[in-house]
Amino acid sequence: MKDNEVALKDGYEKEEQDLPAFEDLEGAARALMRLQDVYMLNVKGLARGVFQRVTGSAVTDLYSPRRLFSLTADDCFQVGKVAYDMGDYYHAIPWLEEAVSLFRGSYGEWKTEDEGSLEDALDHLAFAYFQAGNVSCALSLSREFLLYSPDNKRMARNVLKYEKLLAESPNQVVAEAVIQRPNVPHLQTRDTYEGLCQTLGSQPTHYQIPSLYCSYETNSSPFLLLQPVRKEVIHLEPYVVLYHDFVSDSEAQKIRGLAEPWLQRSVVASGEKQLPVEYRISKSAWLKDTVDPMLVTLDHRIAALTGLDVQPPYAEYLQVVNYGIGGHYEPHFDHATSPTSPLYRMKSGNRVATFMIYLSSVEAGGATAFIYANFSVPVVKNAALFWWNLHRSGEGDSDTLHAGCPVLVGDKWVANKWIHEYGQEFRRPCSSSPED
Ligand SMILES: O=C(O)CCC(=O)C(=O)O
Ligand SMILES: [Fe+2]
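Residues numbered from 1 in each chain as written. Chains lettered and ligands numbered in written order. Predicted model: local features only at pLDDT ≥ 70, side-chain atom pairs only at ≥ 80, totals over all residues. Heavy atoms only, no water.

Asker: Summarise the sheet that holds strand β11 (residues 318-323); cite the residues concerned and give the values.
Answerer: Read from one edge to the other, the open sheet built from nine strands follows the order β3-β4-β5-β17-β13-β20-β11-β10-β6, with strand pairing classed as antiparallel. The strands lining the two open edges of the sheet, one partner per strand, are β3 (214-217) and β6 (264-265). As judged from the five bridges shared by strand β10 (residues 283-287) and β11, these two strands associate in the antiparallel manner. Paired with K283 across the strands is N322, a residue of β11. (Pairing = 2+ DSSP bridges. Helix = DSSP H or I, 4+ residues; strand = E, 2+ residues; numbered from the N terminus.)

Asker: Give a description of the packing of helix α4 (residues 73-85) against helix α6 (residues 118-131) that names residues and reports values.
Answerer: At a minimum axis separation of 11 Å, α4 and α6 run at an interaxial angle of 35°. The hand of the α4/α6 crossing is left-handed. Along the contact surface, α4 presents F77, K81 and Y84, while α6 presents D120, A121, H124, F127 and A128. (Axes fitted to C-alpha atoms, helices over the stretch in contact; angles between N-to-C directions. Left-handed = near helix turned anticlockwise from the far one by under 90°. Contact = heavy atoms within 4.5 Å.)

Asker: Pulling in residues and values, what's your account of a negative patch on the surface?
Answerer: On the surface, E237, D399, E435 and D436 cluster together to form a negatively charged patch. Relative to the helices and strands, D436 is located in the segment after β20 (412-420). (Patch = residues over 30% accessible without salt bridge, like charges linked within 9 Å, V, L, I, M, F, W, Y side chains within 5 Å. Areas by Shrake-Rupley, 256 points an atom, 1.4 Å probe, with all protein chains shown as cover. Salt bridge = Lys/Arg side-chain N within 4 Å of Asp/Glu carboxyl O. Lys, Arg positive; Asp, Glu negative; His and termini not counted. Charge placed at Lys NZ, Arg CZ, Asp CG, Glu CD.)

Asker: So what's going on with the UniProt feature "domain: Fe2OG dioxygenase" (unreviewed entry) in the protein? Residues and values would help.
Answerer: The residues that UniProt annotates with the feature "domain: Fe2OG dioxygenase" (unreviewed entry) are residues 314-421. For residues 314-421, the end-to-end C-alpha separation is 7 Å, with 0% helix and 44% strand making up the annotated structure. (UniProt positions renumbered as here; feature names shortened; annotations may be inferred.)

Asker: Just give me the short version of the nonpolar core, but keep the residues and values in it.
Answerer: If you look at the biggest cluster of nonpolar residues, it comprises 57 residues, and the most contacted ones within it are Y39, L41, F51 and L408. In terms of residue count, the dominant contributor to this core is helix α5 (residues 89-105) (eight residues). Each of domain 1 (3-173) and domain 2 (190-420) gives at least three residues to this core. Discounting chain neighbours no more than four positions away, the residues touching L408 are L35, Y39, L41, F51, L62, I325, A364 and G365. In terms of nonpolar packing, the next biggest core, distinct from the first, is built from 38 residues, V247, L305, A353 and A415 among them. (Core = buried A, V, L, I, M, F, W, Y, C linked by side-chain atoms within 4.5 Å. Buried < 20%, exposed > 50% of the residue type's maximum accessible area, 1.4 Å probe, protein only. Domains from an automatic or database assignment.)

Asker: Summarise the packing of aromatic side chains; cite the residues concerned and give the values.
Answerer: If you walk through the whole model with that rule in mind, you get 13 aromatic pairs. Residues Y84 and Y89 carry aromatic rings whose centres are separated by 5.9 Å and whose planes lie at 85° to one another, so their mutual orientation is edge-to-face. Taking relative accessible area as the criterion, Y89 reaches 16% and is therefore assigned buried. Taking 6.0 Å as the distance between ring centres and 45° as the angle between the ring planes, the aromatic pair formed by F127 and F130 counts as tilted. Here F127 and its partner F130 are both found in helix α6, three residues apart, which amounts to about one turn of the helix. Put simply, the rings of Y84, Y89, F127, F130 and Y162 pair up and form one aromatic cluster. Over the ring of Y323 we find K412; its NZ or CZ atom is 4.6 Å from the centre of that ring. The ring of W388 has R428 lying over it, and the distance from NZ or CZ to the ring centre is 4.0 Å. (Phe/Tyr/Trp six-rings, centres within 6.5 Å; stacked < 30°, edge-to-face > 60°. Lys NZ or Arg CZ within 6 Å of the ring centre and 35° of its normal.)

This is the structure:
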């Protein structure tokens, strides 16, 4: 190779590290499909940059963006192809349909960044329809393909095959293929979860329940007597409260800034290991108290409000989490449900309570949903959500199954302080009654 070619190659390889890789494209495609499913969005709208929920013939705007960012034909093709390559024709078909329709509309206007073409999209869509059992659609798309590439032998053979199939069983012409959405194995509670996400955290009947109230919390603490915190009781069993303005804007910003350089793909406990999984998509970082004195102040405030000991090892370091668009955390428990969980490595028992601070707002989506308790909480910037994960008996409270809904628009930040059982013996006395 000549010197200048070597230099070009080296230069490109250096740049390449910062360019999106296939993993990024695949992640973005999966995120779009997730948003499509969870919020019941139509693909045509998504491709135009609008967020419309379609139920039957009713169309509701879930979010109205100020500016429209639309996807190109090739973008839609790439999303469809990710689904296609996974054998997921349920998602591949609408995305490839959109790609075909956009490519048809701009035929002849080739863009340098396009990897796919009308022919590619027709080819994939035809095969996806065939796989889904819709031979007549497969046939007409294959014929259209041959108009553009009449010499393609493979496609000519497909056309013959589809014609033969249809001649043998003409019912196929009208057979509307119904393709099932691929089942997500982690989600037995999928419909409830998605319903709670779709409300975007609104709680229409909240004010009608007198046992749910708002108050200024002082908790007999000198700290809080001087500056009480507005507390909103959201739910009784499990007990979930929201503390408004728990942090200030500048504190929230500071915590995000401290975590930012350390963010890494989030993991979950799986057996004795910690692994990245599709059901938790976010980045996170752990912040020790020694990183900044402000974190110590924050601990004092959490201790004052909850009455619990949050000094290590009775609580974990602060976990800061950042979700991008499509980021989510499907239904899970914060406490360990297996005795081999890595959570027990701290030797301070299970996670008795969660104190989660919303460090940002989001434009749409991202609510925290409690599945069995059947309510969701919208992201309220600077507020903190508190709940008990364990009954007083030490038994996990299965009604605390909860999730972080996918972010539809915006950038969501939260911080978790997980408080453990040990150290709280006189602060939250135990009881043998399973209800407490
Ligand atoms: O992001 C949320 O709303 C919930 C997060 C959560 O449940 C967790 O990090 O364990
Ligand atoms: Fe959680």
